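# Structural characterization, general
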Amino acid sequence: ASLLEFNIEQNNISSVTLFPNPTDHRTELQATINKDTRLETSIFNLLGEKMFCAVKNVKKGTMQQVINIEHLTAGSYILQLKTNNELINKSIIRK
(Lines give C-alpha, C1' and ligand atoms only; values in the text may rest on other atoms or scores of the structure.)
Protein backbone atom coordinates (compact mmCIF):
# COMPACT_ATOMS: atom_id res chain seq x y z
CA ALA A 1 0.00 0.00 0.00
CA SER A 2 1.17 3.51 -0.71
CA LEU A 3 0.78 6.56 1.51
CA LEU A 4 -1.09 9.54 0.14
CA GLU A 5 -0.53 12.77 2.04
CA PHE A 6 -2.81 15.77 1.73
CA ASN A 7 -1.91 19.08 3.30
CA ILE A 8 -4.51 21.86 3.00
CA GLU A 9 -1.81 24.51 3.43
CA GLN A 10 -0.23 23.44 0.13
CA ASN A 11 -3.39 24.60 -1.62
CA ASN A 12 -3.68 28.15 -2.89
CA ILE A 13 -7.28 28.44 -1.63
CA SER A 14 -8.46 27.08 1.73
CA SER A 15 -12.05 28.37 1.92
CA VAL A 16 -14.68 29.71 -0.46
CA THR A 17 -18.00 31.37 0.40
CA LEU A 18 -20.73 32.72 -1.89
CA PHE A 19 -23.48 34.96 -0.51
CA PRO A 20 -26.27 35.56 -1.06
CA ASN A 21 -26.98 32.26 -2.79
CA PRO A 22 -29.54 31.95 -4.34
CA THR A 23 -29.59 35.49 -5.69
CA ASP A 24 -31.30 37.46 -8.43
CA HIS A 25 -28.64 39.98 -9.40
CA ARG A 26 -25.21 39.69 -7.72
CA THR A 27 -23.31 37.51 -5.32
CA GLU A 28 -20.16 38.11 -3.30
CA LEU A 29 -17.33 35.63 -3.56
CA GLN A 30 -15.08 35.47 -0.51
CA ALA A 31 -12.01 33.23 -0.50
CA THR A 32 -9.01 32.69 1.75
CA ILE A 33 -5.87 32.76 -0.40
CA ASN A 34 -2.83 31.00 1.11
CA LYS A 35 -0.24 32.43 -1.28
CA ASP A 36 -0.09 34.95 -4.12
CA THR A 37 -1.55 33.32 -7.22
CA ARG A 38 -3.31 33.83 -10.54
CA LEU A 39 -7.05 33.19 -10.08
CA GLU A 40 -9.51 32.47 -12.87
CA THR A 41 -13.17 32.82 -11.85
CA SER A 42 -15.69 31.29 -14.28
CA ILE A 43 -19.41 30.56 -14.30
CA PHE A 44 -20.72 27.65 -16.36
CA ASN A 45 -24.28 26.64 -17.13
CA LEU A 46 -25.24 23.00 -16.62
CA LEU A 47 -24.45 22.25 -20.28
CA GLY A 48 -20.82 23.26 -19.63
CA GLU A 49 -21.00 26.53 -21.54
CA LYS A 50 -18.88 29.35 -20.06
CA MET A 51 -21.13 32.29 -19.20
CA PHE A 52 -18.61 34.48 -17.34
CA CYS A 53 -14.84 34.59 -16.90
CA ALA A 54 -12.47 36.93 -15.04
CA VAL A 55 -8.74 36.44 -14.46
CA LYS A 56 -6.72 38.37 -11.91
CA ASN A 57 -3.66 38.08 -9.73
CA VAL A 58 -4.62 37.82 -6.07
CA LYS A 59 -2.52 38.33 -2.95
CA LYS A 60 -2.33 36.13 0.12
CA GLY A 61 -5.17 36.86 2.54
CA THR A 62 -8.93 37.28 2.23
CA MET A 63 -10.15 38.06 -1.27
CA GLN A 64 -13.60 39.51 -1.99
CA GLN A 65 -15.17 39.88 -5.42
CA VAL A 66 -18.72 40.93 -6.32
CA ILE A 67 -20.02 39.01 -9.33
CA ASN A 68 -22.95 40.41 -11.30
CA ILE A 69 -25.18 37.59 -12.58
CA GLU A 70 -28.28 39.57 -13.55
CA HIS A 71 -27.57 38.81 -17.24
CA LEU A 72 -28.05 35.07 -16.59
CA THR A 73 -31.46 33.42 -16.87
CA ALA A 74 -32.95 31.81 -13.76
CA GLY A 75 -31.43 28.41 -12.98
CA SER A 76 -28.44 26.57 -11.55
CA TYR A 77 -24.84 27.34 -12.48
CA ILE A 78 -21.35 26.22 -11.46
CA LEU A 79 -18.89 28.82 -10.19
CA GLN A 80 -15.36 27.57 -10.81
CA LEU A 81 -12.17 28.91 -9.23
CA LYS A 82 -8.98 27.83 -10.96
CA THR A 83 -5.36 28.39 -9.94
CA ASN A 84 -2.16 26.83 -11.29
CA ASN A 85 -2.68 23.61 -9.37
CA GLU A 86 -6.28 23.39 -8.19
CA LEU A 87 -9.88 23.60 -9.26
CA ILE A 88 -12.79 24.42 -6.91
CA ASN A 89 -16.44 24.23 -8.00
CA LYS A 90 -19.39 25.77 -6.15
CA SER A 91 -23.06 25.72 -7.06
CA ILE A 92 -24.78 29.06 -7.59
CA ILE A 93 -28.50 29.61 -8.16
CA ARG A 94 -29.94 32.55 -10.10
CA LYS A 95 -33.52 33.24 -8.93
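See the structure shown above.
Parameters and conventions
Residues numbered from 1 in each chain as written. Predicted model: local features only at pLDDT ≥ 70, side-chain atom pairs only at ≥ 80, totals over all residues. Heavy atoms only, no water. Pairing = 2+ DSSP bridges. Helix = DSSP H or I, 4+ residues; strand = E, 2+ residues; numbered from the N terminus. Axes fitted to C-alpha atoms, helices over the stretch in contact; angles between N-to-C directions.

### Some points on the sheet that holds strand β2 (residues 26–33)
Reading across from one edge, β1-β2-β5 is the order of the three strands in this open sheet, with antiparallel pairing throughout. Because the sheet does not close on itself, it has two edges, and the strands there are β1 (13–19) and β5 (61–68). Taking each pair of neighbouring strands and ignoring which way they run, the sheet shows an average axis angle of 15°. Note that β1 and β2 share six bridges and pair antiparallel. Pairing of leucine 18 across the sheet is with leucine 29, part of β2.

### A short note on the sheet that holds strand β3 (residues 37–45)
Overall, antiparallel pairing links the four strands, which are arranged β4-β3-β6-β7 in an open sheet. A strand with exactly one partner marks an edge of an open sheet, and here the two such strands are β4 (50–58) and β7 (87–94). The mean angle between the axes of side-by-side strands here comes to 20°, regardless of whether they run parallel or antiparallel. Pairing analysis gives eight bridges linking strand β6 (residues 75–82) to β7, with the strands arranged antiparallel. Among the inter-strand pairings, glutamine 80 is bridged to a residue of β7, identified as asparagine 89.

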